[in-house]
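Structural overview for review
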Amino acid sequence: MTTHKVPNRLAKEKLPWQHAHYPVNWFPWSEEAFEVAKRDNKPVFLSIA
């Protein structure tokens, strides 16, 4: 599996998220995540790692 060298938002979380280096615009569970999804009219996908 290929990983992305630049960490995303999850790299700043307290837990060592395995998704922190994936080339996906991941958000931690937060109001910001839902606001962006609503604004951009995109679904919310949940990953339990």
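Note: the structure precedes this text.
Quick caveat, the model's predicted, so the values are computed rather than measured.

1. Points about the overall build of the protein
Of the regular secondary structure elements, the protein holds 1 helix and 0 strands. Across the 49 residues in the protein, those meeting the buried criterion constitute 22%. Sequence separation of 24 or more characterises 8% of the internal contacts of the protein that already satisfy a separation of 6 or more. Approximately 4500 Å² of the protein is accessible, and the part contributed by carbon and sulfur atoms is 58%.

2. Some thoughts on the packing of aromatic side chains
Counted according to the given criterion, the structure contains 1 aromatic pair. Measuring from centroid to centroid gives 5.1 Å for Trp29 and Phe34, while their planes differ by 80°, and the two rings are edge-to-face. On the accessibility criterion, Trp29 (67% relative accessible area) is exposed. Exposure remark for Phe34: the relative accessible area of 33% places this residue in the partly exposed category.

3. Topic: helix α1 (residues 31–40)
Turning to α1, its buried residues number three or more, namely Ala33, Val36 and Ala37. Angular distribution of buried residues about the axis of α1 spans 100°; they occupy a single face of the element. The outward face of α1, more than 90 degrees from its buried face, is lined by the exposed residues Glu31, Glu35, Lys38 and Arg39. In the stretch just after α1, Asn41 is the one whose phi turns positive, near 55°.

Thresholds applied
- Residues numbered from 1 in each chain as written.
- Predicted model: local features only at pLDDT ≥ 70, side-chain atom pairs only at ≥ 80, totals over all residues.
- Heavy atoms only, no water.
- Helix = DSSP H or I, 4+ residues; strand = E, 2+ residues; numbered from the N terminus.
- Buried < 20%, exposed > 50% of the residue type's maximum accessible area, 1.4 Å probe, protein only.
- Contact = heavy atoms within 4.5 Å.
- Areas by Shrake-Rupley, 256 points an atom, 1.4 Å probe, with all protein chains shown as cover.
- Phe/Tyr/Trp six-rings, centres within 6.5 Å; stacked < 30°, edge-to-face > 60°.
- Arc of directions from axis to C-beta.

In short, shape yes, function no, at least from these values alone.
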